[in-house]
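# Summary of structural features
Residues per chain, in single letters:
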Amino acid sequence: MDHATARQDLAAAFRWTAREDMHEAIANHFSLAVNEDGTEFLINPKRHFSRMKASDLWVIDAKNPDSAKGTDAPDQTAWGLHASLHRHVPHARCAMHVHSTYATVLASLADSRLPAIDQNSAMFYNRQVVDEHYGGLALEEEGTRCARLFQDPSIRTMIMGNHGVLIIGETVAEAFTRLYYFERAARNYILALHTGRPVRELSDEVASKAAEQMEGATDSEAAFLAEIRAVLDAEEPDYAH
Ligand SMILES: [Zn+2]
């Protein structure tokens, strides 16, 4: 993928995250590796997600902390979490971290696992990890600790206990689709709990089968991102500039 497309895809993901109300102030970061070994990556500066442009994104070198400094630089947690991920997790070409409402409610429960109770949540069956050891802002040490939890390539969703959610993928389309469905699935689960009635949990066998059936749907992921970009092209085309 050329650099321009990478920037535009990522900018589109920021705009759509704002539309879905999954953003928070000017915090949280999305990153996308742009070189072979993944050590150079795009990341957002301190700007509201709703007005992020392709040309706003910074390129940071995961081996050089000075590349993350300067006017308008992404904050320190961007370096701490994302540089660690890109250094230690080669399949994490794209990483998205948010404190979206329902994912964060889930992360605030004593048991933060998302059970398979509907088709969306089944997507995450045996494909999620809960970080049980939140240790403050995601600076260098915290970032390295989180990166270690992603060593198994089948696990691409981390519910960060007491914090939020961290999603990885090979492409923007894959990571954003997963992020979107995770928030939807968490919303359904939290609302189901809210009724006070028992949830209807899927059997291991069915949850496992459904998860396999939905895995690797790269065509659907690409189509979702293409549709998002088509809407943005019509309504707020400056994202691509
Ligand atoms: Zn955070």
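This write-up is about the structure you can find in this document. (Residues numbered from 1 in each chain as written. Predicted model: local features only at pLDDT ≥ 70, side-chain atom pairs only at ≥ 80, totals over all residues. Heavy atoms only, no water.)

## As for the pairing of strand E5 (residues 128-131)
Burial along E5 is two-sided: the face carrying Gln 128 and Val 130 and the face carrying Val 129 and Asp 131 are both buried. One ladder, built from 4 bridges, connects E5 with strand E6 (residues 157-160); its direction is parallel. Following the sheet pairing, Val 130 is matched in E6 by Ile 159. (Buried < 20%, exposed > 50% of the residue type's maximum accessible area, 1.4 Å probe, protein only. Helix = DSSP H or I, 4+ residues; strand = E, 2+ residues; numbered from the N terminus. Pairing = 2+ DSSP bridges.)

## Digging into the coordination of the zinc ion
Each protein donor to the zinc ion is listed here as His 97 (NE2), His 99 (NE2) and His 163 (NE2); together their distances run 2.0 to 2.1 Å. Counting the intervening residues between successive donors of the zinc ion yields the motif H-x1-H-x63-H. Of the two residues, His 99 sits in the loop between strand E4 (94-98) and helix H3 (101-107) while His 163 sits in the loop between E6 and strand E7 (164-169), which places them 64 residues apart along the sequence. (Donors = N, O, S within 2.8 Å, 3.2 Å for Na, K, Ca; no water.)

## Digging into the side chain of Asn 35
Among the secondary structure elements, Asn 35 is positioned in the loop between strand E1 (30-33) and strand E2 (40-43). Side-chain polar atoms of Asn 35 contact the backbone nitrogen of Gly 38, separated by 3.1 Å. (Polar contact = N/O pair within 3.5 Å; in protein donor to acceptor, adjacent residues only side chain to side chain.)

## Overview of the packing of aromatic side chains
Under the definition given, this model contains 7 aromatic pairs. Ring centres of Phe 124 and Phe 182 lie 5.0 Å apart, and the angle between their planes is 85°; on these two criteria the pair is classed as edge-to-face. Taken together, the positions of Phe 124 in the loop between helix H4 (119-122) and E5 and Phe 182 in helix H6 (residues 172-194) put the pair 58 residues apart, joining distant regions of the chain. Across the pair, Phe 182 and Phe 124 agree in class, each one buried. An aromatic cluster is defined as three or more aromatic residues linked by ring pairs; in this entry it consists of Phe 176, Tyr 180, Tyr 181 and Phe 224. (Phe/Tyr/Trp six-rings, centres within 6.5 Å; stacked < 30°, edge-to-face > 60°.)

## A few points about the sheet that holds E1
Pairing within the open sheet is mixed, and its 7 strands lie in the order E3-E2-E1-E4-E7-E6-E5. Every interior strand has two partners, whereas the edge strands, strand E3 (58-61) and E5, have only one. Taken over all neighbouring pairs, the strand axes of this sheet differ in orientation by 20° on average, direction set aside. Sheet analysis places E1 next to E2, joined by 3 bridges and oriented antiparallel. Directly across from Ala 33, in E2, lies its bridge partner Phe 41. Most of the contacts of H6 go to E7, to which it runs at about 150°, and overall it touches E1, E4, E6 and E7. (Axes fitted to C-alpha atoms, helices over the stretch in contact; angles between N-to-C directions. Contact = heavy atoms within 4.5 Å.)

## Some words on a nonpolar patch on the surface
Taken together, the side chains of Val 105, Leu 109, Leu 193 and Val 199 present a nonpolar region at the surface, about 250 Å² in accessible area. Among the structural elements, Val 199 can be located in the loop between H6 and helix H7 (204-214). (Patch = residues over 30% accessible without salt bridge, like charges linked within 9 Å, V, L, I, M, F, W, Y side chains within 5 Å. Areas by Shrake-Rupley, 256 points an atom, 1.4 Å probe, with all protein chains shown as cover. Salt bridge = Lys/Arg side-chain N within 4 Å of Asp/Glu carboxyl O.)

## A look at the packing of H6 against helix H8 (residues 218-235)
One way to put it is that H6 packs onto H8 with a least axis distance of 8 Å and a crossing angle of 85°. The angle between the axes of H6 and H8 places the two elements in the roughly perpendicular class. Here Val 172, Ala 173, Glu 174, Phe 176, Thr 177 and Tyr 180 of H6 come into contact with H8, specifically with Glu 221, Ala 222, Phe 224, Leu 225 and Ile 228. Its residues placed into classes, the contact of H6 with H8 shows 8 nonpolar, 1 polar and 2 charged. (Parallel < 35°, antiparallel > 145°, perpendicular 65-115°, else oblique. Nonpolar A, V, L, I, M, F, W, Y, C, P; charged D, E, K, R; others polar.)

## Observations regarding the environment of Pro 65
Examined against the element boundaries, Pro 65 turns out to sit in the loop between E3 and helix H2 (76-88). The partly exposed category is assigned to Pro 65, whose relative accessible area is 40%. Separated by 26 residues in the primary sequence, Pro 65 and His 91 place their C-alpha atoms 22 Å from one another.

## Considerations on the nonpolar core
By size, the foremost hydrophobic cluster in this structure holds 46 residues, and its most contacted members are Leu 10, Phe 30, Met 96, Val 172, Phe 176, Leu 179 and Phe 182. The leading source of residues in this core is H6, at 11 residues. Grouped together as the second largest cluster of nonpolar side chains are 14 residues, Leu 85, Val 89, Met 158 and Leu 166 included. (Core = buried A, V, L, I, M, F, W, Y, C linked by side-chain atoms within 4.5 Å.)

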